[in-house]
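What the coordinates show
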Amino acid sequence: MSGRKIINGRFDAVVVGAGPAGVIAAILLARNGLKTASVGVGSTVDKSNNATRRSDPRTSALMQGAIRLLDRIGAWEQLQPFCAPLQRLRLVDATDWSVKAPTVEFDAAEIGSDPFGWNIPNAELTRILETLVGSIKSLTRCSANVSAAELAEQEAHVETTQGDRLYAPLIVAADGRTSLCRDAAGIATTTWSYPQSAIACSFEHEKPHNDTSIEFHRPSGPLTLVPLPGNRSSLVWVEEPDVARSHAEMETREFEAMLLDKTSGVLGSISNTSARGVFGLSGLTAKSFSNRNVALVGEAAHVLPPIGAQGLNLGIRDAAVLAELLSDNDIVNSPAALEAALANYDRNRRRDVVPRTALVDMLNRSLFSGAASLQGLRGAGLHMLDKIGPLRREFMRRGMEPAEDLPKIMRSDC
Ligand SMILES: Cc1cc2nc3c(=O)[nH]c(=O)nc-3n(C[C@H](O)[C@H](O)[C@H](O)COP(=O)(O)OP(=O)(O)OC[C@H]3O[C@@H](n4cnc5c(N)ncnc54)[C@H](O)[C@@H]3O)c2cc1C
């Protein structure tokens, strides 16, 4: 047992899971004036995530909508010094297939004055969000894992491993891909796996990255370099699981030499590589994103491979859409109004998540499956994006995040 006071109380909303999506959901609901609890142990290692890491070595490329949200909740000023803008995105076909795609570069300047987004170290993001949580009066932090959830009744309740009991008309399940709350709510999922794992770390390099993210499309999966401040970048390198593990365990000098080779020296020599983490890749889509008194947020609702950097962007949109639909505080205390708002949430999230998951899945499979038809489709698509300016600009506008349907807190015109 910890030395803190056991929580036994009623809230308007209980958010289970203190990963980035859950903490953002809790902050937004509390800012709306709902008495909110954020339950979970936070940035400690989630063993269910198949990760061999102690602290998260990943970074997240977040698009402008997510950055606006971070700014409006008061996190961006502290975060920005750790982040780099994503001005250009270059896709390089590094296969030796007969149908080879051209190198395509997307420049954010073609569609406006802002970069596509920013690359943010996950460790800094969770640290700064946690400090914000402590500053919001209507938000109670309950640092324990949920051990049981009873969600069938009108007033749901969860119990923690520390003996806390929290009651609320609304439970937000942000407890990751193996979500206990999703199971307790009886929400089924479609799951699939990929014969791939991603190595994640960051490193220093000799040449400037010029705010350009470079994605090498290789037969085993993408190898992506994403800018960080100065001459530093983060790496997401997708390989077959055994290969990824052996690369991650390699002596640092040997790893750096191999990375130099695999990236054709595009950033010059490589040094000061951080600890490496390995993440097994899989996919999951919940059959429903909510039911009567539960809303799924983040990886409890959707898991997709890191190609295209969509995962946390979707998780942040989940949180923002939910908070906007519940911005009238009376909704959570009216069962009929809550049910209607959550049905709306399900429709909204399905529109955003399902087509993006299908596209990311197709792009990923076009690399490792060896299917000539998918390779041809990918090559033809990239040729068209390279040659047809209006198509490329439309792809940039819609590919990063939805053009319409963004909640107000993520929009530039609000
Ligand atoms: C290599 C890699 C690179 C990526 N890069 C990007 C990127 O550039 N951009 C992007 O948008 N996305 C990216 N993603 C995806 C992104 O990392 C995830 O979408 C995001 O971390 C999910 O956050 P979450 O809060 O939903 O889940 P999690 O971070 O998994 O948080 C869930 C939390 O719930 C907790 N929990 C679990 N069970 C319980 C319980 N019973 N009680 C209480 N708490 C519980 C866990 O401990 C954890 O803290 C990447 C993913 C990978 C693997």
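So, here is what we can say about the structure in this document. (Residues numbered from 1 in each chain as written. Predicted model: local features only at pLDDT ≥ 70, side-chain atom pairs only at ≥ 80, totals over all residues. Heavy atoms only, no water.)

1. Topic: the pattern of salt bridges
Going through the model one piece at a time under the given rule, you end up with 22 salt bridges. Here Arg88 ties to Asp107 by a salt bridge, and the two come within 3.5 Å at their closest N and O atoms. With Arg88 in strand β6 (residues 88-93) and Asp107 in strand β7 (residues 104-107), the pair connects residues that are 19 residues apart, well separated along the chain. A salt bridge links Arg317 to Asp352, with the nearest nitrogen and oxygen atoms 2.6 Å apart. With Arg317 in helix α8 (residues 311-325) and Asp352 in helix α9 (residues 335-368), this pair connects stretches of sequence that are 35 residues apart. Each member of the pair, Arg317 as well as Asp352, carries the same accessibility label: buried. (Salt bridge = Lys/Arg side-chain N within 4 Å of Asp/Glu carboxyl O. Helix = DSSP H or I, 4+ residues; strand = E, 2+ residues; numbered from the N terminus. Buried < 20%, exposed > 50% of the residue type's maximum accessible area, 1.4 Å probe, protein only.)

2. Observations regarding the sheet that holds strand β10 (residues 146-150)
Reading across the sheet, the 4 strands line up as β1-β12-β11-β10 and stay open at both edges, with mixed pairing between neighbours. Sheet topology places β1 (8-10) and β10 at the edges, where each strand pairs with a single neighbour. On average, adjacent strands in this sheet sit at an angle of 15° to one another, irrespective of strand direction. (Pairing = 2+ DSSP bridges. Axes fitted to C-alpha atoms, helices over the stretch in contact; angles between N-to-C directions.)

3. Describing the packing of helix α1 (residues 20-31) against helix α4 (residues 122-134)
Working note: a packed helix pair is described by the angle between its axes plus the distance between those axes. It is at 10 Å that the axes of α1 and α4 come closest, and there the two elements cross at 25°. With respect to each other, α1 and α4 are oriented roughly parallel. The crossing of α1 and α4 is left-handed. Here Pro20, Val23, Ile24 and Ile27 of α1 come into contact with α4, specifically with Leu125, Thr126, Leu129, Glu130, Leu132 and Val133. Residues that form the contact of α1 with α4 fall into these classes: 8 nonpolar, 1 polar and 1 charged. (Parallel < 35°, antiparallel > 145°, perpendicular 65-115°, else oblique. Left-handed = near helix turned anticlockwise from the far one by under 90°. Contact = heavy atoms within 4.5 Å. Nonpolar A, V, L, I, M, F, W, Y, C, P; charged D, E, K, R; others polar.)

4. Re the environment of Val99
Tracing the backbone shows Val99 in the loop between β6 and β7. With a relative accessible area of 38%, Val99 lands in the partly exposed category. Separated by 281 residues in the primary sequence, Val99 and Ala380 have C-alpha atoms spaced 8.8 Å apart. The contacts of Val99, once residues within four sequence positions are left out, are Asp93 and Gly376.

5. So, a nonpolar patch on the surface
The grouping of Met384, Ile388 and Leu391 at the surface amounts to a nonpolar patch, some 240 Å² of accessible area in total. Locating Ile388 in the fold gives a position in the loop between α10 (372-387) and α11 (389-400). (Patch = residues over 30% accessible without salt bridge, like charges linked within 9 Å, V, L, I, M, F, W, Y side chains within 5 Å. Areas by Shrake-Rupley, 256 points an atom, 1.4 Å probe, with all protein chains shown as cover.)

6. Focus: the site of the ligand
Around the ligand, the surrounding shell holds 30 residues, and the nearest of these are Ala61, Val146, Glu299, Leu312 and Asn313. With respect to the ligand, the backbone of Pro20 contributes an N or O atom lying 3.4 Å from an oxygen atom. At a separation of 2.8 Å, a nitrogen atom of the ligand approaches a polar backbone atom of Val146. In isolation the ligand has 1,000 Å² of accessible area, and contact with the protein removes 91% of it. Counting only elements with at least two residues in the shell around the ligand, the list comes to α1, β4 (59-63) and α8. If you tally residues by element for the shell around the ligand, the top one is β4, at 4 residues. (Near = heavy atom within 4 Å. Polar contact = N/O pair within 3.5 Å; in protein donor to acceptor, adjacent residues only side chain to side chain.)

7. Examining helix α7 (residues 252-262)
Count 3.6 residues to each turn of an α-helix, and residues three or four apart come out pointing the same way. Among the residues of α7, those classed as buried are Phe255, Glu256, Met258 and Leu259. All buried residues of α7 project into a common sector of 165° when viewed along the axis, lining one side. Of the residues in α7, the exposed ones pointing more than 90 degrees away from the buried face are Arg253 and Asp261. Looking at the buried residues of α7, the elements they touch are β14 (189-205), β16 (221-228), β17 (232-239), α6 (241-249) and β18 (270-271). One or two positions beyond α7, positive phi appears at Ser264, with a value near 50°. (Arc of directions from axis to C-beta.)

8. Considerations on the nonpolar core
Core analysis: the largest hydrophobic core is formed by 85 residues, its most contacted members being Val14, Leu70 and Ile73. Examining the composition of this core, we find that 9 residues originate from one element, α1, more than from any other. Excluding residues within four positions of it along the chain, Leu70 makes contact with Ile24, Leu62, Ala75, Trp76, Leu79, Ile120, Leu125 and Leu129. Counting 19 residues, the second largest nonpolar core, distinct from the first, contains Phe203, Trp237, Ala248 and Leu259. (Core = buried A, V, L, I, M, F, W, Y, C linked by side-chain atoms within 4.5 Å.)

9. Remarks on the side chain of Thr285
By the secondary structure assignment, Thr285 is in strand β19 (residues 277-286). Those residues in contact with Thr285 that lie beyond four places of it in its chain are Thr189, Thr190, Trp192, Ala301 and Thr357.

10. Considering the pairing of strand β2 (residues 13-16)
Residues Ala13 and Val15 point to one face of β2 and Val14 and Val16 to the other, with burial holding for every one of them. Two elements, β2 and strand β3 (residues 36-39), share 4 bridges in a ladder whose sense is parallel. Bridge pairing in β3 places Ala13 opposite Thr36. Handedness of the crossover is the feature at issue here: the chain leaves β2, passes through α1, returns alongside β3, and the resulting connection is right-handed. Judged from the 4 bridges that link them, β2 and strand β13 (residues 170-173) form a sheet pairing that is parallel. Bridge pairing in β13 links Val15 to Val172. (Right-handed = clockwise from strand over helix to strand, strands pointing away.)

11. Quick look at α11
In a regular helix each residue adds 1.5 Å, so 12 residues correspond to 16 Å; α11 covers 17 Å between its end C-alpha atoms and thus fits that length. Burial in α11 covers these residues: Gly389, Arg392, Met396 and Met400. When α11 is viewed along its axis, its buried side chains cluster within an angular range of 65° and face the same direction. Looking at the buried positions of α11, the neighbouring elements they touch are β4, β6, β7, α8, α9 and α10. (Expected span 1.5 Å × (residues − 1).)

12. With respect to the environment of Ala309
Along the chain, the position of Ala309 falls in the loop between β21 (302-303) and α8. Through-space distance from the C-alpha of Ala309 to that of Met400 is 8.8 Å; in sequence the pair is 91 residues apart.

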